[in-house]
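Next come the chains, spelled out residue by residue.
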Amino acid sequence: MRSSQDVDITRLLVSFVPRQKLEGIDLAGTDLAVIDLHIRELPTFCPRCRNSALATVCGKASWVQSYDGDSPEPEAVVEVPVRCCICDQLYVALYATMHEGAFGDGSSQGWSDPHFFATVPPAIAPTLPSKTIMKISPSFSKIFDETVAAELAGLTELLGAGYRRALEFLVKDYLIFKNPERADVIKRTFLANCIKDNIDDDTITELADKAVSIGNDFTHFERRGVHEVADLKGLIVLVRRWVEFKEDAALARARFSSDVRPAELRVGLAVDDLTSGPTSKGG
Ligand SMILES: [Zn+2]
């Protein structure tokens, strides 16, 4: 592992050179003024290895663009190249800074402390591996993770179709897992009908049906809905939690309703918590 640079991030200074004049700001006749800014926050989640890891600055920062939209004050985005202390890979941290007053002679005076707001590539937290879901639908896990990878790579046009496909595998694999004798029928049935005909929980039926509808919309030539990929992803995560809960609850019921408790009936975290928590050690 790379030894961390001995820096006090509350006083770290980055310099950047504006490539063009900011609207309304006198750069004293030059666009080569160097502005020093104090970085007070570094990314703590690496978008490359997807670990919680502090980054270190590893190069010269650069000013990107100004905004003049709704803000009365000119704003700039500063790109700072950073390195992950775990995987050693580089990525870019983005900061916003605002010009709050008179711009002097190239110092940082008048510019606010840069506020960290995003990374490139975007930081997307990993999906937690679930033994229950891997047992029921390894295809769902594979498709979902591949779609997340596409999201990390910025392939935004693929996401709706990817998440929609993941949802279909999750629901159908679960229904087939519970009703293996009906596998052929479930495979042939439209997903929306599968949900309506086979799931008797009103809440999850409503959420899953909404996810199907949003997912289908992403595959149309002309989209009709206003929902975003994040909405679809959020609904799928809820359906996944429901599947996990149903299966883990069924295993727990089987385990605790029987005198014989074979190891294969031991379920995930929920039951392990019940049987090996700190109270059992502490007495
Ligand atoms: Zn990393």
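In this text the structure is predicted, and so the values were computed from the model without any measurement. (Residues numbered from 1 in each chain as written. Predicted model: local features only at pLDDT ≥ 70, side-chain atom pairs only at ≥ 80, totals over all residues.)

**Remarks on the overall build of the chain**
On a plain count of helices and strands, the chain comes out with nine helices and seven strands. Taken across its 283 residues, the chain has 23% of its residues classed as buried. Contacts spanning at least 24 positions in sequence make up 57% of the contacts within the chain whose residues lie at least 6 apart. (Helix = DSSP H or I, 4+ residues; strand = E, 2+ residues; numbered from the N terminus. Buried ≥ 20, exposed ≤ 12 C-beta atoms within 10 Å, placed from the backbone. Contact = placed C-beta atoms within 7 Å.)

**Considerations on the packing of helix H5 (residues 191-198) against helix H6 (residues 202-217)**
Close contact between H5 and H6 brings their axes to 10 Å; oriented N to C, the two are set at 175°. One element, H5, and the other, H6, form an angle in the roughly antiparallel class. Facing H5, whose interface residues are Leu-191, Ala-192, Ile-195 and Lys-196, H6 presents Thr-205, Ala-208, Asp-209 and Val-212. Class assignment of the residues belonging to the contact of H5 with H6 gives a composition of five nonpolar, one polar and two charged. (Axes fitted to C-alpha atoms, helices over the stretch in contact; angles between N-to-C directions. Parallel < 35°, antiparallel > 145°, perpendicular 65-115°, else oblique. Nonpolar A, V, L, I, M, F, W, Y, C, P; charged D, E, K, R; others polar.)

**Some words on unusual backbone geometry**
Of note, the bond from Val-120 into Pro-121 is cis; its omega dihedral lies within 30 degrees of zero at 0°. Note that Pro-121 resides in the loop between strand E7 (115-120) and helix H1 (131-136). Phi at Asp-88 is positive, roughly 70°, even though this residue is not glycine. By C-beta crowding, Asp-88 is classed as exposed, having 12 other C-beta atoms within 10 Å.

**Observations regarding the environment of Glu-244**
Here Glu-244 lies in helix H7 (residues 229-256). Note on Glu-244: 19 C-beta atoms within 10 Å, which makes it partly exposed. Considered as a pair, Glu-244 and Ile-133 are 111 residues apart in the sequence and their alpha carbons are 6.5 Å apart. Filtering out sequence-adjacent residues up to four positions away, Glu-244 remains in contact with Ser-130, Thr-132 and Ile-133.

**Digging into the environment of Ser-137**
Position of Ser-137 among the secondary structure elements: in the loop between H1 and helix H2 (138-152). In this structure Ser-137 comes out as buried when scored by C-beta crowding, with 23 C-beta atoms within 10 Å. Between the alpha carbons of Ser-137 and Val-171 there is a distance of 8.9 Å; along the sequence they are 34 residues apart. Residues in contact with Ser-137, not counting those within four places in the same chain, are Phe-169, Leu-170, Asp-173 and Tyr-174.

**Let's talk about the confidence of the model for the chain**
Chain-level pLDDT for the chain is 74 on average; 68% of the residues reach the 70-or-more range. Long-range and interchain partners of residues 1-12, a stretch whose pLDDT sits below 50, account for 17 contacts in this model, where long-range means more than four residues apart. Below a pLDDT of 50 lies the segment residues 267-283, which in the model reaches eleven contacts outside its immediate sequence neighbourhood of four places, other chains included. (pLDDT = per-residue confidence, 0-100.)

**Quick word on the environment of Leu-90**
The topology assignment puts Leu-90 in strand E6 (residues 90-98). The class of Leu-90 is partly exposed, set by 13 C-beta atoms lying within 10 Å. Apart from the residues within four sequence positions on either side, Leu-90 is in contact with Cys-58, Pro-81 and Arg-83.

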